[in-house]
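Spelled out from the first residue to the last, the chains are:
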Amino acid sequence: MSEQGWRRFLAEESLQDWVVLHGGATAVFRVPSFGEAGRLAAAIAQIPGLSETLLTVADDRLTVRLTRGVFRIEERHIDLARAISAVARSHDAVADRGAAQEVQLAIAARPDEADIGFWRAVLGYAPLAGDNAADPLGHGPTIWMQNLNPDKKLRHAMHVDVSVAHDQAEARVAAALAAGGRIVDDSEAPATWILADRAGNRVCVAAWPDGAVPPT
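Criteria and cut-off values
Residues numbered from 1 in each chain as written. Predicted model: local features only at pLDDT ≥ 70, side-chain atom pairs only at ≥ 80, totals over all residues. Heavy atoms only, no water. Core = buried A, V, L, I, M, F, W, Y, C linked by side-chain atoms within 4.5 Å. Buried < 20%, exposed > 50% of the residue type's maximum accessible area, 1.4 Å probe, protein only. Helix = DSSP H or I, 4+ residues; strand = E, 2+ residues; numbered from the N terminus. Contact = heavy atoms within 4.5 Å. Patch = residues over 30% accessible without salt bridge, like charges linked within 9 Å, V, L, I, M, F, W, Y side chains within 5 Å. Areas by Shrake-Rupley, 256 points an atom, 1.4 Å probe, with all protein chains shown as cover. Salt bridge = Lys/Arg side-chain N within 4 Å of Asp/Glu carboxyl O. Phe/Tyr/Trp six-rings, centres within 6.5 Å; stacked < 30°, edge-to-face > 60°. Axes fitted to C-alpha atoms, helices over the stretch in contact; angles between N-to-C directions. Parallel < 35°, antiparallel > 145°, perpendicular 65-115°, else oblique. Left-handed = near helix turned anticlockwise from the far one by under 90°. Nonpolar A, V, L, I, M, F, W, Y, C, P; charged D, E, K, R; others polar. Pairing = 2+ DSSP bridges.

### Details of the nonpolar core
Inference 1: In this structure, Phe9, Trp18, Leu40, Ile44, Leu66 and Ile84 are the most contacted members of the largest nonpolar core, which totals 29 residues.
Inference 2: Counting residues per element, the ones that place at least two in this core are α1 (4-11), β2 (24-30), α2 (34-44), β4 (61-65) and α3 (76-90).
Inference 3: The greatest single-element share of this core, amounting to 6 residues, is contributed by α3.
Inference 4: Among all residues touching Ile84, those that are not within four sequence positions of it are Trp18, Phe29, Ile44, Ile47, Leu50, Val64 and Leu66.

### Structural notes on the environment of Ala37
Inference 1: By the secondary structure assignment, Ala37 is in helix α2.
Inference 2: Under the relative-accessibility criterion, Ala37 is labelled buried at 0%.
Inference 3: As a C-alpha pair, Ala37 and Arg68 span 31 residues in sequence and 21 Å in three-dimensional space.
Inference 4: Excluding residues within four positions of it along the chain, Ala37 makes contact with Val31, Val57, Asp59, Arg61 and Leu62.

### Some words on a nonpolar patch on the surface
Inference 1: Taken together, the side chains of Phe118, Val122 and Leu123 define a hydrophobic patch exposed on the protein surface, amounting to about 270 Å² of accessible area.
Inference 2: Structurally, Val122 can be placed in helix α4 (residues 116-123).

### Focus on the packing of aromatic side chains
Inference 1: Inspection of every chain in the model, using the stated rule, returns 4 aromatic pairs.
Inference 2: For the ring pair Phe9 and Trp18, a centre distance of 6.4 Å and an interplane angle of 85 degrees mean the geometry is edge-to-face. Just as Phe9 is buried, Trp18 falls in that class too.
Inference 3: Geometrically, the ring pair formed by Phe118 and Trp119 is edge-to-face, given 5.2 Å between the ring centres and 80 degrees between the ring planes.
Inference 4: Ring pairing ties together the aromatic residues Phe9, Trp18 and Phe29, which thus form one cluster.

### Observations concerning the packing of α2 against α3
Inference 1: Across the interface, α2 lies against α3 with an axial gap of 10 Å and an inter-helix angle of 140 degrees. Considering their axes alone, α2 and α3 lie oblique with respect to each other. Crossing of α2 against α3: the hand is right-handed. Each of Leu40, Ala43 and Ile44 in α2 lies in contact with α3, whose residues at this interface are Ile84, Val87 and Ala88.
Inference 2: Here the residues of the contact of α2 with α3 sort into 6 nonpolar, no polar and no charged.

### With respect to the pattern of salt bridges
Opposite charge on two side chains permits pairing when their charged atoms draw close.
Inference 1: Scanning the model with the defined rule gives 13 salt bridges in all.
Inference 2: Where Arg76 meets Glu74, a salt bridge forms, and the shortest distance between an N and an O atom there is 3.0 Å.
Inference 3: Taking the relative accessible area as the measure of exposure, Arg76 reaches 37% and is therefore partly exposed.
Inference 4: A relative accessible area of 40% means that Glu74 is categorised as partly exposed.
Inference 5: A salt bridge links Arg97 to Asp210, with the nearest nitrogen and oxygen atoms 3.3 Å apart. Of this pair, Arg97 sits in the loop between β5 (94-95) and β6 (101-109) while Asp210 is found in the segment after β12 (202-206), placing the two residues 113 residues apart along the sequence.
Inference 6: Given a relative accessible area of 18%, Arg97 falls into the buried group.
Inference 7: For Asp210, a relative accessible area of 5% corresponds to the buried category.
Inference 8: Within the structure, one salt-bridge network assembled from shared partners comprises Arg30, Asp60, Arg61 and Asp96.

### Describing the pairing of strand β11 (residues 192-196)
Inference 1: In terms of burial, β11 is a largely internal element, 4 of the 5 residues being buried.
Inference 2: Relative to β11, strand β10 (residues 182-185) runs antiparallel, the two being bridged by 3 bridges. Bridge pairing links Ile183 to Leu195 in β11.
Inference 3: The antiparallel pairing of β10 with β11 creates a hairpin that spans 6 residues between the two strands.
Inference 4: In this sheet, β12 lies alongside β11 in antiparallel orientation, the contact comprising 5 bridges. The residue bridging Leu195 from the neighbouring strand is Val203, located in β12.
Inference 5: Hairpin connection of β11 to β12: 5 residues between the antiparallel strands, including Gly200 at a positive phi of 95 degrees.

Here is the structure:
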C-alpha cells in the first residue's frame, strides 16, 4: 500500500464524479427517489470487481465507496470508477461532490498507551490497518489512533476529522465559522483547518487527500 494509487486516481481527468477522502474514493449520486437509488445500486452491483465496494442507499441518493481506506486505492479502481459513473449516467443520476464526506474520530495517546484493541472490542469494529478500526457496516466513523507527543502534558485527547472534496472545504469552514466556531490553526490550509467550538472541542476539516496537497 502506498500513495501511488490515490495519486494516480486523482490525476485522471475523467473522474470528476469522485472525491478521494480519508477512506478512499467516494461518489454520491442524486436520484429522484429512494426506489431509484435502490435500482441504481442493483445495477452497479452487477459490475465485476466490486469486492471492497460499499454501497449506501439513503433517501434520494446512493453513495459509492470503492475501498475502505485511501491507501487501498489501486490502478484498477480507475476503470471501476468510470464504469460506475457510466451506469449512473444511464440511470439519469447526478453526481454531487458536495455531499461526499467521511467523519473520522482520532484518539490520541502516547505510543505505549495506544489501545486500538479496546476500541475495536467496545464498538464491535474490525481492523482495517494496524492503527485503526472500521465499522463493518460502514455506517459509523472510522477510529484512528494518533500518537501523542510524549513531551506534551496532556495524557489523552480526541478530535473529529471531516474529510471533504477539495472544492468544498473552504465553504465547510465558512459554514462552521458562521455557526459560532473559530479557527485554531490554519497554517496547513488549504489542505487542513483546525477549528473549535465555543467550549474548545476541536475538529479538523481536511481537503487532503482530495486536494493532493499533503500536510507537512
